[in-house]
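One-letter residues, chain by chain:
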Amino acid sequence: MSELFETYESDFQLALSEAKSKLAQISAVEGEQRKSYLRAIEGAIEEGQEVLDQMAIEVQNLPTNQRSSYNTKIRQYKSQIDDNKARLSQLLDNQDKHELFGNRYSDNDLESGSLQDQQRKQLLGNNASLERSSQRLKDSQRVALETESIGGNILNDLRSQREQISGARNTLMTADSYVDKSMRTLKSMSRRLTANKFISYAIIAVLILLIFLVLASKFW
């Protein structure tokens with residue numbers, strides 16, 4: 001995970017450096033070259049934003065206790081992107097005014113803190129706030145889905161355990177019935193053994209009596 005994040009981080013730094021480089025040089029160019037610079041800045045900022053979004057997605061896949069340092073970096077990078085977006089917006093607005101009114105408006109005019117600039121910054125701030133709220137909502141939905149999935153797994157485990165307990169109870173009841181049958185069989189065998197003993201004793205007594213009778217008949 002950290003290696004993938006570092007790859008995204010490197011791509012982001014390249015895009016941000018490109019945007020900053022063009023922003024630093026744009027005051028020295030005019031005409032079509034200036035428009036080319038503006039397109040290059042806009043493309044670099046969009047690329048940086050896309051990479052930053054990928055970084056945020058990767059961080060969300062991390063365990064909660066590992067996200068803090070990564071989220072701090074993402075907030076810093078987002079602030080840099082927002083600053084460059086604001087500067088680009090000023091330059092685009094200035095470019096439009098140049099095309100409409102000629103050279104009466106310059107980049108410095110837009111950087112003087114006019115009411116338009118304040119309103120633009122406020123709109124950018126509101127947009128950033130909406131993006132953060134949207135991200136928090138996505139995070140909440142993801143957590144809710146994960147919680148629902150965990151709850152489903154727990155219910156499945158409980159259902160499986162209930163089935164195992166029911167099976168064990170049925171097995172116990174079957175074993176209990178076998179024990180009852182065995183006890184009845186043992187009692188029956190015990191009664192038969194006792195009866196056989198009495199029969200054996202009776203036979204022995206009869207034999208002894210016959211022996212005595214035979215002996216007595218010889219002497220009489």
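Residues numbered from 1 in each chain as written. Predicted model: local features only at pLDDT ≥ 70, side-chain atom pairs only at ≥ 80, totals over all residues. Heavy atoms only, no water.

Novice: What am I meant to see in the overall build of the chain here?
Specialist: Per the secondary structure count, the chain includes five helices and zero strands. Secondary structure elements of the chain occur, N-terminal to C-terminal, as α-α-α-α-α. Here the chain holds 220 residues, and the buried ones make up 22% of them. Considering only residue pairs separated by 6 or more positions, the chain has 67% of its internal contacts joining residues 24 or more positions apart. Carbon and sulfur atoms make up 56% of the accessible area of the chain, which totals about 16200 Å². (Helix = DSSP H or I, 4+ residues; strand = E, 2+ residues; numbered from the N terminus. Buried < 20%, exposed > 50% of the residue type's maximum accessible area, 1.4 Å probe, protein only. Contact = heavy atoms within 4.5 Å. Areas by Shrake-Rupley, 256 points an atom, 1.4 Å probe, with all protein chains shown as cover.)

Novice: In this structure, what is going on with a negative patch on the surface? I would like to understand it.
Specialist: Taken together, Asp11, Glu18, Glu42, Glu46, Glu47, Glu50 and Asp53 make up a surface patch of like negative charges. Along the chain, glutamate 18 falls in helix α1 (residues 2–25). Owing to a relative accessible area of 35%, glutamate 18 belongs among the partly exposed residues under this scheme. (Patch = residues over 30% accessible without salt bridge, like charges linked within 9 Å, V, L, I, M, F, W, Y side chains within 5 Å. Salt bridge = Lys/Arg side-chain N within 4 Å of Asp/Glu carboxyl O. Lys, Arg positive; Asp, Glu negative; His and termini not counted. Charge placed at Lys NZ, Arg CZ, Asp CG, Glu CD.)

Novice: I'm lost on the side chain of glutamate 9 in this one. Help?
Specialist: Mapped onto the elements of the fold, glutamate 9 is located in helix α1. You can call glutamate 9 buried: its relative accessible area is 12%. Separated by 2.4 Å, the side chains of glutamate 9 and tyrosine 77 make a polar contact. Not counting residues up to four positions away in its chain, the partners in contact with glutamate 9 are Met55, Lys73 and Tyr77. (Polar contact = N/O pair within 3.5 Å; in protein donor to acceptor, adjacent residues only side chain to side chain.)

Novice: Mind showing me how you'd approach the environment of alanine 40 here?
Specialist: Residue placement: alanine 40 occurs in helix α2 (residues 31–60). With a relative accessible area of 25%, alanine 40 lands in the partly exposed category. Taking the C-alpha atoms as reference, alanine 40 lies 7.4 Å from alanine 19; in sequence the two are 21 residues apart.

Novice: Can you walk me through the nonpolar core in this structure?
Specialist: Within soluble globular proteins, side chains that are nonpolar generally end up buried alongside one another. The biggest cluster of nonpolar side chains holds 25 residues, and the ones touching the most others in it are Phe12, Ile26, Leu52, Met55 and Ile74. Mapped by element, the contributors of at least two residues to this core are α1, α2 and α3 (68–101). Contact partners of phenylalanine 12, with chain neighbours within four places excluded, come to Gly48, Val51, Leu52, Met55, Tyr77, Gln80 and Ile81. (Core = buried A, V, L, I, M, F, W, Y, C linked by side-chain atoms within 4.5 Å.)

Novice: Explain the pattern of salt bridges here, please?
Specialist: Close approach of charged atoms lets side chains of opposite charge pair. Applying the stated criterion to the full structure yields three salt bridges. The partner of lysine 73 in a salt bridge is glutamate 9, with the nearest N and O atoms 3.5 Å apart. Of the two residues, lysine 73 is situated in helix α3 and glutamate 9 in helix α1; the sequence distance between them amounts to 64 residues. When its relative accessible area of 33% is taken as the criterion, lysine 73 is described as partly exposed. Between lysine 35 and glutamate 32 there is a salt bridge whose closest N-O contact spans 3.7 Å. One end of the pair is lysine 35 and the other is glutamate 32, both in helix α2 and three residues apart, which spans about a single turn.

Novice: Hey, could you run me through the confidence of the model for the chain in this one?
Specialist: The predicted coordinates should not be examined in detail at positions where pLDDT is low. For the chain, per-residue confidence averages 80 on the pLDDT scale, and residues scoring 70 or more make up 85% of the total. Mean pLDDT values over the elements of the chain span from 48, in helix α4 (residues 107–110), up to 87, in α2. Taken together, the stretch residues 109–113 has pLDDT below 50 and engages in eleven contacts with residues farther than four places along the chain or on a different chain. (pLDDT = per-residue confidence, 0-100.)

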